[in-house]
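# Observations on the three-dimensional arrangement
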Amino acid sequence: GFLGVKEVVAIQADLSDVGARINLAPTNKLSVFISSMLAATTVQLAELLILLAFVIGVLGISFGDQLGYIALTCVVGSLTGVTFGACVGVIVKKGEGLKTGILIGSTMTMCFLAGMMFADMKYIVATKVPILGYLNPANLITDSFYALYYYNTHTQFFTDILLLCGFTVLFSAITYFVLRRQKYASL
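Below: a short report on this structure.

## Section: the environment of Ala173
Within the secondary structure, Ala173 is located in helix H9 (residues 155-181). Taking relative accessible area as the criterion, Ala173 reaches 27% and is therefore assigned partly exposed. Between the C-alpha atoms of Ala173 and Cys87, which are 86 residues apart in sequence, the distance is 8.7 Å.

Dropping the structure here:
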């Protein structure tokens, strides 16, 4: 999400000099947005590939025959995270510090509800408020990995991946429509 916030700040004219130059250029905001999101996602995926190579090569942890599905989860999870950060970046109208703070707070809340800080929380959410598990991107990412580990079929895995893709489209659409409507009186 941090890369998404950074990219959105970089293309907003009131928050950065680069953004002022981008907004003066006769380019389509959709193409600027897509290229910046793809660049951020490429950096994120490169980091994840280095991490996976370290875990497999140096630590010697085997992922069996599920490596392709793990890579798919990494790609879709990265896209969702970057677009979520971008969405937070355009919705919050203050400076980069507040945008980052809200991103951290919302991400930590989602991770807590996904059971990443208190293992029983995932079970509590699943039994008391099951819809919350499907509305939480962090839960969908962890659930994708759990589905690969515990289930013989990939039904739950692909359900989680499709929901993550839906969130990616939703966050991207919100970000684009907010960016498209921004006008600046003077640059």
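Further notes follow.
## Concerning the layout of surface pockets
Taken as a whole, the largest pocket holds about 910 Å³ of empty space. Gln44, Leu48, Gly77, Ser78 and Ile141 are the residues nearest the centre of the largest pocket, which is lined by 30 residues in total. Mapped onto the lining of the largest pocket, the elements with two or more residues apiece are helix H1 (2-11), helix H3 (29-58), helix H4 (67-91), helix H5 (96-113) and helix H8 (137-150). For the lining of the largest pocket, the leading source of residues is H4, giving 9 residues. A breakdown of the residues in the lining of the largest pocket according to their chemical character gives 21 nonpolar, 9 polar and no charged. Split by residue class, the lining of the second largest pocket holds 7 nonpolar, 3 polar and 3 charged.

## Thoughts on the pattern of salt bridges
Where charged atoms of side chains with opposite charge meet at close range, the side chains can pair. Applying the stated criterion across every chain, the model contains 1 salt bridge. Lys122 serves as the salt-bridge partner of Asp143, at 4.0 Å between the closest nitrogen and oxygen. Pair noted here: Asp143 is in helix H8 and Lys122 is in helix H6 (residues 119-128), with a separation of 21 residues, a long-range link. For Lys122, a relative accessible area of 18% gives the class buried.

Here is what the cut-offs are and how they apply
By convention here, each chain's residues receive numbers from 1 onward along its written sequence. With pLDDT at 70 or above as the cut-off, local features in this predicted model cover only qualifying residues; side-chain atom pairs require 80 or more to be listed or tallied, and sums for whole chains, interfaces and linings still use all residues. Only hydrogens and water are removed before side-chain values are computed, so all heavy atoms of the structure are retained for them. What counts as a helix is a DSSP run of H or I of at least four residues, what counts as a strand is a run of E of at least two, and both are numbered from the N terminus. Burial classification: accessible surface area is computed with a 1.4 Å probe over protein chains only, and a residue below 20% of its type maximum counts as buried, one above 50% as exposed, and the rest as partly exposed. Cavity: a set of points on a 1 Å grid over the protein atoms alone where a 1.4 Å probe fits but cannot get out. Pocket: an open set with protein on both sides within 12 Å along at least five of seven lines, its lining residues, like those of a cavity, having an atom within 4 Å of a point. Grid points are joined across faces, edges and corners, and a volume is the space filled by probe spheres set on the points. Residue polarity is assigned by list, with Asp, Glu, Lys and Arg as charged and Ala, Val, Leu, Ile, Met, Phe, Trp, Tyr, Cys and Pro as nonpolar; anything else, Gly included, falls into the polar class. Definition used for salt bridges: Asp or Glu carboxyl oxygen within 4 Å of a side-chain nitrogen of Lys or Arg.

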